Amino acid sequence: MSETVATAEEQGSAIGPGRLVLVVGPSGAGKDTLLRLARAACVDDQDVVFPRRVVTRESSAAEDNIAMSPDEFRRALEHGDFAVHWEAHGHCYALPIEINDDIRAGRAVVVNVSRTVIATLRHAYTNVAVVAITAPPDVLAQRLAARARHSDGNIGDRLARSVDDAAAYADVTILNAGSAEYHGRQLVRVIRNEGWRE
């Protein structure tokens, strides 16, 4: 498996003043579930934005991404349509360039990204918060098996990846092994910069 990262353009100075909330963690940790709950909780808050990622994979009930073919992705990349892009699990991922306008307008932008882009994004934006969402290995294995998304490759390979370093870069870690609603509220508190313990 190959993971690469690059920004769409060289930044002259870090982008602000808004807040970029990066959600990271291993496959099966429940990132998309907690993000859906947080999005619902923030639906009336115009200062919180949940942009859809661009992925070279069809969208599904588990992930509401903007689907592109590899050729479409390459053309969009060449056109400068992405704020950042990376490759993981045989797919290409990107965040739309429009997030920069939201950050400049002072909004909080919440995105699910690979931990490989954390350092790049901390350099490109002035206010970055990293939230690591994880779960015990047996829970991860059960969730991946239940999801059964064949395009993601071998479950064993995904579980074998080192995930400890995601938490090492995190400002907050959420162990998502209990109530999704509870952990969703924790994520909302981080997004709103209120702390995360209840």
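Cut-offs used in this document
- Residues numbered from 1 in each chain as written.
- Predicted model: local features only at pLDDT ≥ 70, side-chain atom pairs only at ≥ 80, totals over all residues.
- Heavy atoms only, no water.
- Helix = DSSP H or I, 4+ residues; strand = E, 2+ residues; numbered from the N terminus.
- Contact = heavy atoms within 4.5 Å.
- Phe/Tyr/Trp six-rings, centres within 6.5 Å; stacked < 30°, edge-to-face > 60°.
- Buried < 20%, exposed > 50% of the residue type's maximum accessible area, 1.4 Å probe, protein only.
- Pairing = 2+ DSSP bridges.
- Axes fitted to C-alpha atoms, helices over the stretch in contact; angles between N-to-C directions.
- Core = buried A, V, L, I, M, F, W, Y, C linked by side-chain atoms within 4.5 Å.
- Salt bridge = Lys/Arg side-chain N within 4 Å of Asp/Glu carboxyl O.
- Left-handed = near helix turned anticlockwise from the far one by under 90°.
- Nonpolar A, V, L, I, M, F, W, Y, C, P; charged D, E, K, R; others polar.

(A) Quick peek at the overall build of the chain. A tally of helices and strands in the chain yields eight helices and ten strands. Contacts in the chain between residues at least 24 apart in sequence constitute 71% of all its contacts with a sequence separation of at least 6.

(B) Expanded view of the packing of aromatic side chains. This structure, assessed with the given rule, holds two aromatic pairs. Seen from their ring centres, Phe73 and Phe82 are 4.7 Å apart, and the 35° between their planes marks the pair as tilted. Classification of Phe82 as buried rests on a relative accessible area of 2%. On the basis of an interplanar angle of 5° and a centroid distance of 5.6 Å, the ring pair of Trp86 and Tyr93 is categorised as stacked. A residue is classified by how much of its surface remains accessible, and Trp86, at 2% relative accessible area, is buried. Residue class for Tyr93 comes out buried when judged on its relative accessible area of 5%.

(C) View of the pairing of strand E7 (residues 91-96). Most of E7 sits inside the fold, with five of its six residues counted as buried. In the sheet, strand E4 (residues 54-55) pairs with E7 via two bridges, with the strands oriented antiparallel. What sits directly across from Val55, in E7, is Tyr93. A loop of two residues connects strand E6 (residues 82-88) with E7, the two strands running antiparallel in sequence, and His89 in this loop sits at a positive phi of about 55°.

(D) The sheet that holds strand E8 (residues 108-112), seen in detail. With parallel pairing, five strands are arranged side by side in an open sheet as E3-E8-E2-E9-E10. Two strands close off the open sheet at either side, each with one partner strand: strand E3 (48-49) and strand E10 (172-175). Inspection of the sheet shows strand E2 (residues 19-24) paired to strand E9 (residues 128-134) by five bridges, in the parallel sense. Its bridge partner being in E9, Val23 is matched across the sheet by Val131. Each of E2, E8, E9 and E10 is contacted by helix H1 (residues 31-41), which is oriented at about 155° to E8, the strand it contacts most. Along the sheet, helix H8 (residues 180-191) makes contact with E2, E3, E8, E9 and E10, crossing E10 at roughly 170°.

(E) Up close: the nonpolar core. Membership of the largest hydrophobic core comes to 27 residues, with the highest contact counts inside it found for Leu20, Leu22, Trp86, Val113 and Tyr125. For this core, the secondary structure elements donating two or more residues are E2, E6, E7, helix H3 (99-104), E8, helix H4 (118-124) and E9. Considering every element that reaches this core, the biggest residue donor is E6, with four residues. Residue contacts for Leu22: discarding those within four places in its chain leaves Val111, Val113, Ile118, Leu121, Val128, Ala129, Val130 and Val131. Core analysis: the next-biggest nonpolar cluster, separate from the first, contains 22 residues, Val21, Leu34, Val172 and Val188 among them.

(F) Up close: the environment of Arg52. With respect to the helices and strands, Arg52 occurs in the loop between E3 and E4. Looking at Arg52, the relative accessible area reads 38%, which means it is partly exposed. Residues Arg52 and Ala67, 15 residues apart in the sequence, show an inter-C-alpha distance of 9.9 Å. Beyond its immediate chain neighbours, meaning those up to four positions away, Arg52 contacts Asp64, Asn65, Ile66 and Pro96.

(G) Fine view of the pattern of salt bridges. Under the definition given, this model contains six salt bridges. Arg74 serves as the salt-bridge partner of Asp71, at 3.9 Å between the closest nitrogen and oxygen. Of the two residues, Asp71 and Arg74 both sit in helix H2 (residues 70-79), three residues apart, roughly one turn of that helix. Residues joined by salt bridges that share partners form a network here, namely Asp71, Arg74 and Glu78.

(H) Looking closely at the packing of H1 against H8. Where H1 meets H8, the closest approach of the two axes is 8 Å, and the angle between their N-to-C directions is 65°. Seen along the crossing, H1 lies across H8 with a hand that is right-handed. Of the residues in H8, those touching H1 at Thr33, Leu34, Leu35, Leu37, Ala38 and Ala41 are Ala180, Glu181, His183, Gly184, Leu187, Val188 and Ile191. Residues of the contact of H1 with H8, tallied by class, amount to nine nonpolar, three polar and one charged.

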